[in-house]
Amino acid sequence: MNPWGEVLIGLVILVGLVGIVVPVLPGLSLIVIAVLAWAFFEGDLLGWSVFGVIFGLGAAATVIKVMVPGRKLKESGVATSTLVIAVVCAVIGFFAIPVVGGPIGFVAGIYFIEWSRSGRENAWTATKQSAGAVALSIGIELSAGLVIGGIWLVAAILG
């Protein structure tokens, strides 16, 4: 691949990393797709091997970013129905407040549902735990994105 193509792939990976922190784009998916494009244009064993590793890391991170925070929330006593309603609030928030509305809607949904069920004190506890779960999920995805970007960078330099 020519150097300009690799610069373009690197820029797409950077946009994906920003998309993880600012949930406008599907960041990790964008990163994996960028590496797929790089592997396709490289067309050699190194490119496809790197893509295979990166695809596995991306898939594992996607599962982990859902499972670990979800388990922590269930252990803390936040009901599954509350989480479902909070996800609906996150979708509404995403469209109502561009860029930051998703996380705000999720956390606000947790607070108001728990407040209506068990009062202000329990709602605040559940909200703090859900905010921590959102941060943990973003941290897991960002860590995976950085590792994937680093692997790609090393492979691009070696290739």
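Residues numbered from 1 in each chain as written. Predicted model: local features only at pLDDT ≥ 70, side-chain atom pairs only at ≥ 80, totals over all residues. Heavy atoms only, no water.

Draft legend 1. Highlighting helix H3 (residues 45-75). Along its 31 residues, H3 runs 44 Å from first to last C-alpha, staying within 8% of the 45 Å computed at 1.5 Å per residue. Buried residues of H3: Gly 47, Val 50, Phe 51, Ile 54, Gly 58, Ala 61, Pro 69 and Leu 73, and no others. Of the surrounding secondary structure, the elements contacted by the buried residues of H3 are helix H2 (27-42), helix H4 (80-96) and helix H6 (120-158). Residue Gly 77 follows H3 closely and has a positive phi angle near 100°. (Helix = DSSP H or I, 4+ residues; strand = E, 2+ residues; numbered from the N terminus. Expected span 1.5 Å × (residues − 1). Buried < 20%, exposed > 50% of the residue type's maximum accessible area, 1.4 Å probe, protein only. Contact = heavy atoms within 4.5 Å.)

Draft legend 2. Here's a closer look at the environment of Leu 142. Mapped onto the fold, Leu 142 is located in helix H6. The partly exposed category is assigned to Leu 142, whose relative accessible area is 25%. Separated by 125 residues in the primary sequence, Leu 142 and Leu 17 place their C-alpha atoms 6.7 Å from one another. With sequence-adjacent residues up to four places away left out, Leu 142 is seen in contact with Leu 17, Ile 20 and Val 21.

Draft legend 3. The arrangement of helix H1 (residues 3-21) in detail. Taking 1.5 Å per residue as the helical rise, H1 with its 19 residues ought to reach 27 Å, and the 28 Å between its terminal C-alpha atoms agrees with that figure. When H1 is considered as a whole, its buried residues turn out to be Gly 5, Glu 6, Ile 9, Gly 10, Ile 13, Gly 16, Leu 17, Gly 19 and Ile 20. Looking at the buried side of H1, the elements it contacts are H2 and H6. Two or three places before Trp 4, at the start of H1, stands the capping residue Asn 2, its side-chain oxygen 3.0 Å from that residue's backbone nitrogen. (Polar contact = N/O pair within 3.5 Å; in protein donor to acceptor, adjacent residues only side chain to side chain.)

Draft legend 4. Local environment of the environment of Val 99. Its place among the elements puts Val 99 in the loop between H4 and helix H5 (101-118). Along the chain, Val 99 and Val 24 lie 75 residues apart, while their C-alpha atoms are 5.6 Å from each other.

Draft legend 5. Geometry of the packing of H2 against H3. One can describe the packing of H2 onto H3 by two numbers: an axis separation of 9 Å at closest approach and a directional angle of 170°. Taken together, H2 and H3 sit at an angle that is classed as roughly antiparallel. The handedness of the crossing between H2 and H3 comes out as left-handed. Contacts between H2 and H3 involve Leu 28, Val 32, Val 35, Leu 36, Trp 38, Ala 39, Phe 40 and Glu 42 on the former and, on the latter, Gly 47, Trp 48, Val 50, Phe 51, Ile 54, Phe 55, Gly 58, Ala 61 and Thr 62. Taken together, the residues of the contact of H2 with H3 sort by class into 13 nonpolar, 3 polar and 1 charged. (Axes fitted to C-alpha atoms, helices over the stretch in contact; angles between N-to-C directions. Parallel < 35°, antiparallel > 145°, perpendicular 65-115°, else oblique. Left-handed = near helix turned anticlockwise from the far one by under 90°. Nonpolar A, V, L, I, M, F, W, Y, C, P; charged D, E, K, R; others polar.)

Draft legend 6. Seen up close, the side chain of Ser 137. In this fold, Ser 137 is placed in helix H6. For Ser 137, a relative accessible area of 17% translates into the label buried. Ignoring any residue separated from it by four or fewer positions in sequence, one finds Ser 137 in contact with Lys 65 and Pro 69.

Draft legend 7. Fine view of the layout of surface pockets. Space inside the largest pocket adds up to approximately 1,000 Å³. Every residue lining the largest pocket is counted, 36 residues in all, and those nearest its centre are Lys 65, Val 66, Ser 137, Ile 138 and Glu 141. For the lining of the largest pocket, the elements supplying multiple residues, two or more each, are H1, H2, H3, H4, H5 and H6. Element by element, the count of residues in the lining of the largest pocket is highest for H3, at 12 residues. Of the residues belonging to the lining of the largest pocket, the class tally is 23 nonpolar, 9 polar and 4 charged. (1 Å grid on protein atoms, 1.4 Å probe; cavity = no way out; pocket = protein on both sides within 12 Å on 5 of 7 lines; lining within 4 Å. Points joined across faces, edges and corners; volume = space filled by probe spheres on them.)

Nothing here speaks to function; it is all geometry.
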